[in-house]
Amino acid sequence: MSSAAASTGRPVDGSFIRSRLGSFLAVVPLTIWTIDHLWNNLAAFKGAEAWQSQVTEYSHPIAFVASSLVALLPLALHTIWGIGRLRTSKVNIARYPYFSNLKYILQRITAVGVLFFLGAHIWLAMLQPRLVVGRPEPFADIAHEMAHHVPTLLVYTLGVLGVSYHLANGLHTFAMGWGIATSRRALRKLQAVIWVVFLGMLAMGWGSIYALYDAGSQLPATTVQQTNASR
Ligand code: HEM
């Protein structure tokens, strides 16, 4: 891959449609779903009932299945696409020490981090409570973990940082790849928008973590929740 291709993140060969599909699914609906999910989690500031109703409750079981498919199916397809891109990535920052090259590398490092974070998050917060315990993750459980289990707090803090960077910088490469921003002026404006998206997502994600931590620190550290017992 040439350095220009490396810095734009565009493929040099491979199926055009496959490449466009992986890129498209990352933005619609995955990006929209992720931003909506972070926004809903801010309900943690309003307490257990508000968080539970915004994040874990659905009007109908079919609504839950549909929402999960809208998020998980594109995520699975984008992940397969992304792993393919990781395998063909060329790191040449030592020879070309440019900011765009650093962003290219960070996009790939965060991809791997996000993969592990989402694997743990989807299993522990979604599938395990529902499929093993038989009910959605309770507010008290996740708040308790956030306040009294340092690895959980660390993983969520770094996970939100990785997702925010990966998604915001991904929107940048998406806009370049699809020809939405091409001129120097458009790219400068786009970079400013990307900073707003990155910082906005970080504020929502870290804000929610803080609210959960705050609620959890009011619970006794020794409380052993039902879910924790099975973790
Ligand atoms: C919340 C989950 C995720 C979101 C919202 C997301 C979003 C995005 C977006 C918007 C792009 C830019 C697409 C483009 O340039 O056209 C991208 C690129 C990329 N994603 Fe993801 N992604 C997520 C998870 C993952 C995972 C789990 C992997 C797996 C390893 C991954 C691997 C990649 C790679 C390697 C690229 C760079 C592709 C390139 O520039 O050639 N992503 N992602």
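Residues numbered from 1 in each chain as written. Predicted model: local features only at pLDDT ≥ 70, side-chain atom pairs only at ≥ 80, totals over all residues.

(A) Fine view of the overall build of the protein. Along its length, the protein carries nine helices and zero strands. What you see in the protein, going N to C, is helices and strands ordered as α-α-α-α-α-α-α-α-α. Against the compact-globule benchmark of 17 Å for 231 residues, the protein has a radius of gyration of 19 Å, which places it among compact chains. Structurally, the protein occupies a C-alpha span of about 55 × 35 × 30 Å along its principal axes. (Helix = DSSP H or I, 4+ residues; strand = E, 2+ residues; numbered from the N terminus. Rg over C-alpha atoms; globule rule 2.2 N^0.38 Å.)

(B) Quick look at the confidence of the model for the protein. Per-chain confidence: the protein averages 90 in pLDDT, with 90% of residues scoring 70 or above. Low pLDDT, under 50, characterises residues 1-8; the stretch is placed with 18 contacts to residues that sit more than four places away or in other chains. (pLDDT = per-residue confidence, 0-100. Contact = placed C-beta atoms within 7 Å.)

(C) Structural context of helix α4 (residues 61-87). Between the first and last C-alpha of α4 there are 38 Å, a value that for 27 residues agrees with the 39 Å anticipated at 1.5 Å per step. In the structure, α4 departs most strongly from a straight axis at Leu69, where the bend amounts to approximately 25 degrees. Of the residues making up α4, those classed as buried are Pro74, Leu75, His78 and Gly82. Turning to α4, the residues buried within the fold contact α2 (16-41) and α5 (99-133). (Expected span 1.5 Å × (residues − 1). Bend = angle between axes of the 7 residues up to and from the residue. Buried ≥ 20, exposed ≤ 12 C-beta atoms within 10 Å, placed from the backbone.)

(D) Fine view of the nonpolar core. Membership of the largest hydrophobic core comes to 21 residues, with the highest contact counts inside it found for Ala143, Met146, Ile209 and Leu212. The element best represented in this core is helix α8 (residues 184-217), accounting for seven residues. Once residues within four sequence positions are removed from consideration, Ala143 is found in contact with Leu212, Ala215, Gly216 and Leu219. (Core = buried A, V, L, I, M, F, W, Y, C linked by C-beta atoms within 7 Å.)

(E) Up close: the packing of α2 against α8. Interhelical geometry of α2 versus α8 gives an angle of 40 degrees and a closest axis separation of 8 Å. Between α2 and α8, the angle falls in the class oblique. By crossing handedness, the relation of α2 to α8 is classed as left-handed. Across the interface between the two elements, Ile35, Leu38, Trp39 and Asn41 of α2 pack against Met201, Met204, Gly205 and Ser208 of α8. Grouping the constituent residues of the contact of α2 with α8 by class yields five nonpolar, three polar and no charged. (Axes fitted to C-alpha atoms, helices over the stretch in contact; angles between N-to-C directions. Parallel < 35°, antiparallel > 145°, perpendicular 65-115°, else oblique. Left-handed = near helix turned anticlockwise from the far one by under 90°. Nonpolar A, V, L, I, M, F, W, Y, C, P; charged D, E, K, R; others polar.)

(F) Quick look at unusual backbone geometry. Of the consecutive residues Val28 and Pro29, the connecting peptide bond is found in the cis state with omega at 10 degrees. Following the sequence through the fold, Pro29 ends up in helix α2.

(G) Structural context of the packing of α5 against helix α7 (residues 150-177). The geometry of α5 relative to α7 is characterised by a closest axis approach of 8 Å and an angle of 130 degrees between their N-to-C directions. In terms of orientation, α5 lies oblique with respect to α7. Judged by the sense of rotation from one axis to the other, the crossing of α5 with α7 is left-handed. Taking contact as the criterion, the partners of Lys103, Leu106, Gln107, Thr110, Ala111, Gly113, Val114, Phe117, Ala120 and His121 in α5 are, on α7, Val155, Leu158, Gly159, Gly162, Val163, Tyr165, His166, Asn169 and Gly170. Within the contact of α5 with α7, the residues separate by chemical class into nine nonpolar, nine polar and one charged.

(H) Main features of α5. The axis of α5 is deflected most strongly, by about 50 degrees, at Leu127, and proline Pro129 appears within four residues downstream. By the burial criterion, the buried members of α5 are Tyr104, Gln107, Thr110, Val114 and Pro129. Remark: Gly134 follows α5 within two positions and exhibits a positive phi of approximately 95 degrees.

(I) How the structure looks around the environment of Thr110. Within the secondary structure, Thr110 sits in helix α5. Residue class for Thr110 comes out buried when judged on the 22 C-beta atoms lying within 10 Å of it. Residues Thr110 and His166, spaced 56 residues apart in sequence, show a C-alpha to C-alpha distance of 5.9 Å. Excluding residues within four positions of it along the chain, Thr110 makes contact with Gly162, Tyr165 and His166.

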